[in-house]
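Notes for the structure review
What follows is each chain in one-letter form.
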Amino acid sequence: MPSVASLSVDGRSFDVLERKKLFQPGNTIEVLLVEGRGLRDGAVCDVAFHAPADETGLANVPVRLAEWDHPNTRRVLKFIAGRFIREDDPPRVLERYLSFISAWQAPSRIIANFPEGLIVEVDTPDGDDVRDGYVVSMQGLLNASPVFLCSHSGRCRFWLPEMHPAHIYLDIGGNLVRTVLSAPQEVPATGARLQSSADDPLFLDALDRLGMGASPSFAELAGGLCRKTAELVSGDDVHRVRGCVRLPNDGIAFFVDLPGPVLSDPQFEIRAFGNEGHADIAVTACETESLGDGATRTQFIIEATDLILNGCYHLSWNHSGERYSAWVRETEATERSAENLAREFYPVTFVDQGLFTRVLHPIAAAPVVPAIASLVHKAEFGESIEPQVEILVFAQRDIEALHRTMIGLSLTLGNVTCEITICCFDRSLVAPLTEHARSWATLFGISLRLACFGSGVSEALAAQYSFGRQLPRVLCRAGTVPRQSGWLSSALVRARKGRTGLLLGWSASQDVNEAETVEQLFEKFHPLQMEGIDHFALGAALVTTRLDAAIAEAIKVFTLEAYILALALRADGQGEVVFSTEMGFGNCGSEDQHDRFEEIVDLYGLQKLYESVSSSKHKLIRMRRRAGA
């Protein structure tokens, strides 16, 4: 093969800086890197060369810019990419050449920026793939070797490792396409700008294959793309991943709902984003009926351990001969949706009772943030007064039971000025209760307020709601009535005499007179041996301003009874709890019922709180004895 000895144009010679032969079977070429002026498209170049037999020759060759579709152009560009690196300015000659021969300029954008590289999105014709690329940056011209991620709706996404370009030239479908990118520093490393593709699992699969799971910024991106739930439709069947929640032991509980009775092992597999290792899992299933159409479905609770906790997880399973998969993002235990998961999958505990203590109770009892009792309706009836005490009556659907309580209160309040608030939790009751409250306020001459709380507000949270005043507060249920005339004035006197923050009374249906302390009460009536929270048979409670009525830091409970008992456990031992006959309201009957799930959560939570308080007391006693010794 002849080799070039020298080059000149119009008598001006060019210095050969570097020469390189690029070998390829049947197509070996020599590349010269030269420096000089006047070498332009169309100029005649005098080329002196050496033949293999030591012969010399001279040829006049017209200079032409290399066309992109020439088979050697790509080979030469890859060779010279990065050869001329300048710190102060990109290689403008090479950029001008690429810009001149490019077919068009495509809209493009950097959609995520990481220390490891960039994710770039380019508008491309559907079906065209990205074969290669060249980056123009402050470091020179670099062969980009983009990693294709996915394409959708005329947009192609790819990964550029460890590069921060100003322009990129891409070989798309055989055409050289120029892109202009936004400045990298203006693009956050987050999935916020990628939400439009959150329903496209191909993108997450592609990011997962990059093997960047150890990068916290990549895990954050994946978490921004994942949804907390996933729904896969196959014909008439709907597969639902209802969510996943981290447990106190750092395991993850996954909640899955599959169609029909599942007669074969679904072979669940779970792994974290960017990691190949699968978690150790324990699967519990329970066949249920759909609330909507009564169709048979199977609920699964999957406990996963030895899982890298990066917040984004891949779940796969078999069903009817097909393999399904989904990405889901971790749901915080403090979110309301996590509590709803525990409630929805409670039937699975009928198969494995240990699931309640391991999984459902830690989720259901996690404090919701923010814990706010929101009102959806409030109305006031009767004369405006300056009350000495607030009375909160908790009502459900039994209006007759509420009516009996209003009669009992109106006949026994005596000279104490009170404002009575009816607390309800069902918007459909607002209209009938408004009509009755207006009538009762007029008939009994009382100041009455109706407060309807929003969806998800528990009785315990409503009991802590402030209506704008710091007053002693009486808490009772519809269907309970005072048994003594002047009971409230006597209770207030009793509370003022000592450091009393809470007065408790019992209904006539339960004999608990032998219990003189809250601790004795729990020893006598073990919560976990009860069928329901109403077995405590509370009559009413008076909470004075001396006692901090917030219990969210210690325990999350749902029912009114559990809230009062939790207050009692916290205040007991400090001289702040008194069992009082004045608060011993009688129970005249009510058809209202507790939510069974909330009862079980409350009973277990109260037992754990009791054990914690009791243990703390015993430790304090031992410390005092050692100090005295």
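What counts and what doesn't
Residues numbered from 1 in each chain as written. Predicted model: local features only at pLDDT ≥ 70, side-chain atom pairs only at ≥ 80, totals over all residues. Heavy atoms only, no water. Helix = DSSP H or I, 4+ residues; strand = E, 2+ residues; numbered from the N terminus. Buried < 20%, exposed > 50% of the residue type's maximum accessible area, 1.4 Å probe, protein only. Contact = heavy atoms within 4.5 Å. Areas by Shrake-Rupley, 256 points an atom, 1.4 Å probe, with all protein chains shown as cover. Expected span 1.5 Å × (residues − 1). Polar contact = N/O pair within 3.5 Å; in protein donor to acceptor, adjacent residues only side chain to side chain. pLDDT = per-residue confidence, 0-100. Phe/Tyr/Trp six-rings, centres within 6.5 Å; stacked < 30°, edge-to-face > 60°. Lys NZ or Arg CZ within 6 Å of the ring centre and 35° of its normal. Arc of directions from axis to C-beta. Pairing = 2+ DSSP bridges. Axes fitted to C-alpha atoms, helices over the stretch in contact; angles between N-to-C directions. Parallel < 35°, antiparallel > 145°, perpendicular 65-115°, else oblique. Left-handed = near helix turned anticlockwise from the far one by under 90°. Nonpolar A, V, L, I, M, F, W, Y, C, P; charged D, E, K, R; others polar.

**Description of the overall build of the chain**
- A count of helices and strands for the chain gives 13 helices and 32 strands.
- When the 629 residues of the chain are sorted by exposure, 50% land in the buried category.
- Of the contacts made within the chain by residues no fewer than 6 positions apart, 72% connect residues no fewer than 24 positions apart.
- Entry remark: accessible area of the chain is about 30400 Å², with carbon and sulfur atoms responsible for 48%.

**A short note on helix H7 (residues 399–412)**
- Here H7 spans 20 Å end to end across 14 residues, near enough to the 20 Å set by a 1.5 Å rise per residue.
- Looking at H7, one finds that the buried residues are Ile399, Ala401, Leu402, Thr405, Met406, Gly408, Leu409 and Thr412.
- Here H7 starts with a cap whose side-chain oxygen sits 3.3 Å from the backbone nitrogen of Glu400, and that cap is Asp398.
- Gly414 sits one or two residues past H7 and shows a positive phi near 70 degrees.

**Quick look at the confidence of the model for the chain**
- Of all residues in the chain, 81% have pLDDT values of 70 or greater, and the mean over the chain is 80.
- Counted against residues more than four places away or in other chains, residues 189–193, with its pLDDT under 50, gives 11 contacts.
- Here residues 618–629 is a poorly scored stretch, pLDDT under 50, and it has 1 contact once near neighbours within four places are set aside; other chains count.

**Overview of the packing of aromatic side chains**
- This structure, assessed with the given rule, holds 15 aromatic pairs.
- Residues Tyr346 and Phe597 carry aromatic rings whose centres are separated by 5.6 Å and whose planes lie at 70 degrees to one another, so their mutual orientation is edge-to-face. Note that Tyr346 is positioned in the loop between helix H5 (336–344) and helix H6 (354–364) and Phe597 in helix H13 (residues 596–628), a separation of 251 residues in sequence. Exposure class is identical for Tyr346 and Phe597. Each is buried.
- Taking 5.7 Å as the distance between ring centres and 20 degrees as the angle between the ring planes, the aromatic pair formed by Phe425 and Phe453 counts as stacked. Highlighted residues: Phe425 in the loop between strand S25 (418–424) and helix H8 (430–444) and Phe453 in strand S26 (residues 447–453), separated in sequence by 28 residues.
- Using a relative accessible area of 26% as the deciding quantity, one classes Phe425 as partly exposed.
- The cationic tip of Arg343 hangs over the ring face of Phe558; the distance from NZ or CZ to the ring centre is 5.8 Å.

**Examining unusual backbone geometry**
- Not every positive phi belongs to a glycine, and Asp250 is a case in point at roughly 70 degrees.
- In this structure, Asp250 sits in the loop between strand S16 (237–246) and strand S17 (252–259).
- A positive phi angle, close to 55 degrees, is found at Ser320, a residue other than glycine.
- Mapped onto the secondary structure, Ser320 falls in the loop between strand S21 (312–319) and strand S22 (322–329).

**Quick look at the environment of Ser590**
- Here Ser590 is to be found in the loop between strand S32 (586–587) and H13.
- Among residues more than four places away in sequence, those in contact with Ser590 are Asp398, Ala401 and Ala478.

**Examining helix H10 (residues 487–497)**
- Those residues of H10 that fall on the buried side of the exposure criterion are Trp487, Leu488, Ala491, Leu492 and Ala495. Summarising the axial view, the buried residues of H10 lie within an arc of 130 degrees, below the 170-degree limit, and thus occupy one face. What points out from H10, more than 90 degrees from its buried face, is the exposed set Arg496 and Lys497.
- Contacts made by the buried residues of H10 are with strand S24 (389–394), H7, S25, strand S27 (473–477), strand S29 (502–506) and strand S30 (538–543).

**What about the side chain of Thr284?**
- Assignment of secondary structure puts Thr284 in strand S19 (residues 280–289).
- A relative accessible area of 10% means that Thr284 is categorised as buried.
- When residues no more than four places from it in sequence are discounted, the contact partners of Thr284 are Gln299, Phe300, Ile301, Val348, Val351, Asp352 and Leu355.

**Quick word on the pairing of strand S20 (residues 296–305)**
- Burial of S20 is extensive: 8 of the 10 residues sit out of reach of the surface.
- Examined bridge by bridge, S17 and S20 share 8 bridges and lie antiparallel to one another. Looking at S20, one finds that Phe254 is bridged to Ile302.
- Pairing of S19 with S20 involves 10 bridges; the strand directions are antiparallel. When the bridges of S20 are listed, Ala282 appears paired with Glu303.

**Some words on the sheet that holds S19**
- The 5 strands are arranged S15-S16-S17-S20-S19 in an open sheet whose pairing can be described as antiparallel. Strands at the two margins of the open sheet, each flanked by one partner only, are strand S15 (230–234) and S19. Within the sheet, the average angular offset between the axes of one strand and its neighbour, ignoring direction, is 15 degrees.
- This element, H5, spans S16, S17 and S20 of the sheet and lies at about 120 degrees to S16.

**Focus: the packing of H5 against H6**
- Between H5 and H6, the least distance of the axes is 8 Å, while the angle of their chain directions is 140 degrees. In terms of axis orientation, H5 runs oblique to H6. Seen from above, H5 lies across H6 with left-handed handedness. Along the contact surface, H5 presents Ala338, Glu339 and Ala342, while H6 presents Leu360, Ile363 and Ala364.
- Looking at side-chain class alone, the contact of H5 with H6 contains 5 nonpolar, no polar and 1 charged residues.

**Overview of the sheet that holds strand S8 (residues 117–123)**
- Ordered by their spatial adjacency, 4 strands build an open sheet running S7-S8-S12-S11, and the pairing between neighbours is antiparallel. The outermost strands of the open sheet, each flanked by one partner alone, are strand S7 (108–114) and strand S11 (147–152). Taken over all neighbouring pairs, the strand axes of this sheet differ in orientation by 20 degrees on average, direction set aside.
- Pairing of S7 with S8 involves 6 bridges; the strand directions are antiparallel. Note on S8: the bridge partner recorded for Asn113 is Leu118.
- The strands that helix H3 (residues 201–209) touches are S8, S11 and strand S12 (155–161); relative to S11, the one it contacts most, it runs at about 175 degrees.

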